Each structure stands twice: as C-alpha cells, then as structure tokens.
Amino acid sequence: MKYFWKHWFLPLEKNNHRSALLRTNTLLILIAFYLFNHSLIKFISVIKPGILGYSSEITVQKVIDQTNQKRQELGLTLLKYNSLLSESATKKAQDMFANNYWAHTSPKGTTPWDFIKSVNYKYSAAGENLARDFYDTDSLMKAWMNSPTHRDNIVNSKYQEIGIGVVNGVLGGIKTTLVVQHFGTPLVAIASDTKKVINSNQNEEVTLPDEVIKSDILNNEGVISLPQTPEVLSQEKNLINPLLLNKIISITLFILIITVLFIDGFVTLKNNHLRLTGSNIGHIGFLLVILLLIITSQQGAIF
Amino acid sequence: MIIPPEVKKKPFEYIFLALFFIIGICFYLFAGLSSSNRRFVVIILGAGYFFWSLYHHYHRGDLSLSIIVEYLVFILFGIVLFSGTFF
C-alpha cells in the first residue's frame, strides 16, 4: 500500500524517476475521466432536470437596492419600482424558459420592447439587462457593472423607473434562475416635464411632439430588461449545482497535479537526478495560471 | 529561497514566460472580454507556452518527441478543464 502511494506521487527508480501521476498516459486518462464526468453531469441535467439544479438567493428587492446604490454613488436619481415593468420582465423571463432561448430577441422575433408594450407601459426610453446562473445579487451586480454596456443601462440618467424579474425554470436542460432587469422612463413624465419647461420659459420654443418621437426612436434602438414582482420568486433548494460541481472537479484535479509536480520537482532536485522530461516549473506556472482564471471567473452569464 | 538550477541557467527564459503569463492573466481579467474571447485567451496562453517549450528545450539541446508530447498533454489538460468548467 505504501509503495502504491509512492509510485503515484514520488519519483522512484521503479517508475523511471517520474511520479506515475505525471506520465502522459495518466494525464490523458485524467482528461478522459473529466470529460466523462462532464458529459454525465450534462446528461443527467437533460434527462432529470430536477436532480441537478440551481439554488439562487437573488431577490428582486436586493437587485433594486443595489442598482440604486450604484446610481447613488454616482449622484444619479434613484429608480422607482414600477409594477408594469416588473410584469414585462417576468413575462420575458418566462418566455425564455417557454421557448428555450437566451437572448434579447426571441427566436420568434419578439423584442424586449414588445414585452414592455404588452403591459401597456408607455415609455420614452427603455433598456434591458439579462443574467443567468448567479448565486447571489452581489456577484450578479458585479458582473453587470464590469460590463460597459450593462453598466450604461444601470447608471443611465435617462431612466426613472425599474422592474425586475427573477424566475426559476429549466433552460437548455439545466435548472437555473433568470434575472431580467427592465428600465424605463414613462412617456407621461417626459410630457409633463416638457410642459413645465414650456410654462416656465414662455419665450423659448419647445416642441413637445418632436421630442417624444425622438425619444421613442432612441428607445427602440436600446436594450431592455424585464421586470418582476418584488417578492423572492425562488426559494427552491436543489441538491447539486452542475456548474459548481464541474468547477470543484476541475479545481481538485488542478491542485492534485500541481502538488505532485511540486513533490516530483523537489525530490528530483534533492536527489540531483538527471532525466529527460519537460520543465516542472513551467508546468506548475501554466497550471497555476489556468487555476487562477478558473477561481476568479464568475459562474453566471450576462446578456 | 531555493532557485532550481534550470532557472539559474536560463533566467531570462523563465522571466519571459512569467511575463507572458502575467500579461495573459491581466488581459483575461481586466479587458472586459466575452466568455468566448476568454476561452480564446486561454488557448493563446497554451499556444504561447508550447512555443516557449520548443525554444527552451531546443536551446537546452534535449528537444525530443516525448517532451513535445508531454507539453501538449499538459496544455490539453489545462484547456480542457478550463473549457469544461464554463462551457
């Protein structure tokens, strides 16, 4: 038994002075093992979506609070919660689950604007942010703020109202949580603001209809986010998250190989053996870089 | 601090490799890349490491098929596990 462990982890005369775990055929077996596991997890996700799934702690209120916090930090006005925008955001999320897509425009050609209009929200400007597979609101907001286009929506001074949709469902065979953020500026607000300008500046020429039309055109070129009801929509707890499981297996294998490379290099250096192999330091460096990227990368996706 | 003899012999080759990795990490983390572009960065890192290994072992005079295969397998290991984690 003792020899078994030495054989796999230490460079010995019997294993040709190279830990058996670092041999190319062993590494190929580990790659095959990983791919098999990866496929198995995906397969289970497709045939039994309820077994592997997601447990999101994101709530509508948290998303609104953190969005307003970001705006407050920049001295912008806070967004007001709008139930119509929340309804359109929820509809968008439900539509993505129902039609199995992940995009601003559905395969049938339904745009975010169509969802907003369907709830009778008359807007002069609107925008949409999408996210999926996030565990918590902090990492979700971080991802949006790190993306210039999503950040532009969050800190856009044009918007006055917000609606959030947080919906659980099965997308692409994996149980997940979709978050849709809809921003809007009601048409009435622009109209009344402009009237105020007209009333207070009687000598200035302000044309209300032109402005409204301009805003509406701008709006249709933008991106929208879906609103949702302010309660926590998903408290369903799932046993295993497939994305997290994949990450744990990857990190474990990386740490195992890096550790054996360290041991192998140290023992070889200590015994002053010469051998025809690649550079352990180079391998350790390369694997550490990839490990760092895996650890620091976010789990979820934004659109 | 123990500096392995192979690093002492060719310090600039290892410094170059370290700089290459650091630039790759910074680009990956701070360039605001999409997920597909991030995978592309990892593939570039793997390709760069492979070319470094060819240069390194050629100058050391021990470049052989078994060493090339070893590097390819380590790079494959890194890229497959990275891709499997996020895609």
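Use the structure listed above.
What counts and what doesn't
Residues numbered from 1 in each chain as written. Chains lettered and ligands numbered in written order. Predicted model: local features only at pLDDT ≥ 70, side-chain atom pairs only at ≥ 80, totals over all residues. Helix = DSSP H or I, 4+ residues; strand = E, 2+ residues; numbered from the N terminus. Buried ≥ 20, exposed ≤ 12 C-beta atoms within 10 Å, placed from the backbone. Contact = placed C-beta atoms within 7 Å. Nonpolar A, V, L, I, M, F, W, Y, C, P; charged D, E, K, R; others polar. Pairing = 2+ DSSP bridges. Axes fitted to C-alpha atoms, helices over the stretch in contact; angles between N-to-C directions. Parallel < 35°, antiparallel > 145°, perpendicular 65-115°, else oblique. Core = buried A, V, L, I, M, F, W, Y, C linked by C-beta atoms within 7 Å.

(A) Seen up close, the overall build of chain A. Along chain A, the regular secondary structure elements total 11 helices and 5 strands. The buried share among the 303 residues of chain A stands at 38%. At a minimum sequence separation of 6, the contacts of chain A that also span at least 24 residues come to 80%.

(B) Summary view of the interface of chain A and chain B. Each partner contributes to the interface: chain A provides 34 residues, whereas chain B provides 36 residues. Of all the secondary structure elements, the ones that give two or more residues to the side of chain A that touches chain B are α2 (24–47), α10 (242–271) and α11 (280–296) of chain A. Sort the elements by how many residues they give to the side of chain A that touches chain B and α11 of chain A lands first, with 12 residues. Its residues assigned to classes, the side of chain A that touches chain B comprises 19 nonpolar, 14 polar and 1 charged.

(C) Spatial organisation of the pairing of strand β3 (residues 161–171) of chain A. All names here are of chain A. In terms of burial, β3 is largely enclosed, as 9 of its 11 residues are buried. Bridge count for strand β1 (residues 80–81) against β3 is 2 bridges, and the pairing is parallel. Across the sheet, residue Tyr81 finds its bridge partner in β3, namely Ile162.

(D) Quick look at the packing of α11 of chain A against helix α4 (residues 65–86) of chain B. Put simply, α11 of chain A and α4 of chain B touch, their axes get as near as 10 Å, and they point 5° apart. Put simply, α11 of chain A runs roughly parallel to α4 of chain B. When α11 of chain A is examined against α4 of chain B, the residues His283, Phe286, Leu287, Ile290, Leu293 and Ile294 of chain A are found in contact with a partner set consisting of Phe74, Gly78, Phe82 and Thr85 of chain B. Here the contact of α11 of chain A with α4 of chain B is composed, by residue class, of 7 nonpolar, 3 polar and no charged.

(E) Spotlight on the environment of Glu6 of chain B. Residues and elements named next belong to chain B. Among the structural elements, Glu6 can be located in helix α1 (residues 5–9). Accessibility expressed as a C-beta count within 10 Å gives 18 for Glu6, which makes it partly exposed. Sequence spacing of Glu6 and Arg60 is 54 residues, and the spatial spacing of their C-alpha atoms is 9.7 Å.

(F) Looking closely at the packing of α11 of chain A against helix α2 (residues 11–30) of chain B. Packing of α11 of chain A against α2 of chain B leaves a shortest axis separation of 11 Å and a crossing angle of 10°. For the element pair α11 of chain A / α2 of chain B, the angle class is roughly parallel. Mapping the contact onto sequence places Ile281, Gly282, Gly285, Val289, Leu292, Leu293 and Thr296 of chain A in α11 of chain A and Tyr14, Leu17, Ala18, Phe21, Gly24, Ile25, Tyr28 and Leu29 of chain B in α2 of chain B. Of the residues assigned to the contact of α11 of chain A with α2 of chain B, the class counts are 11 nonpolar, 4 polar and no charged.

(G) Looking closely at the nonpolar core. Core analysis: the biggest nonpolar cluster contains 34 residues, and Leu140, Ile164 and Val179 of chain A have the highest contact counts within it. Among the elements of the structure, α3 (60–73), α4 (83–99), α5 (112–118), β2 (123–132), α6 (137–146), β3 and β4 (174–186) of chain A are those that each provide at least two residues to this core.

(H) Quick look at unusual backbone geometry. Residues and elements named next belong to chain A. Backbone geometry places His17, a non-glycine residue, at a positive phi of 60°. With respect to the helices and strands, His17 occurs in the loop between α1 (2–9) and α2. Here His17 falls in the partly exposed class, since 18 other C-beta atoms lie within 10 Å of it. A positive phi angle, close to 65°, is found at Asn120, a residue other than glycine. Assignment of secondary structure puts Asn120 in the loop between α5 and β2. Residue classification places Asn120 among the exposed positions, given that 9 C-beta atoms sit within 10 Å.

No statement about biological role is implied by the geometric values presented.
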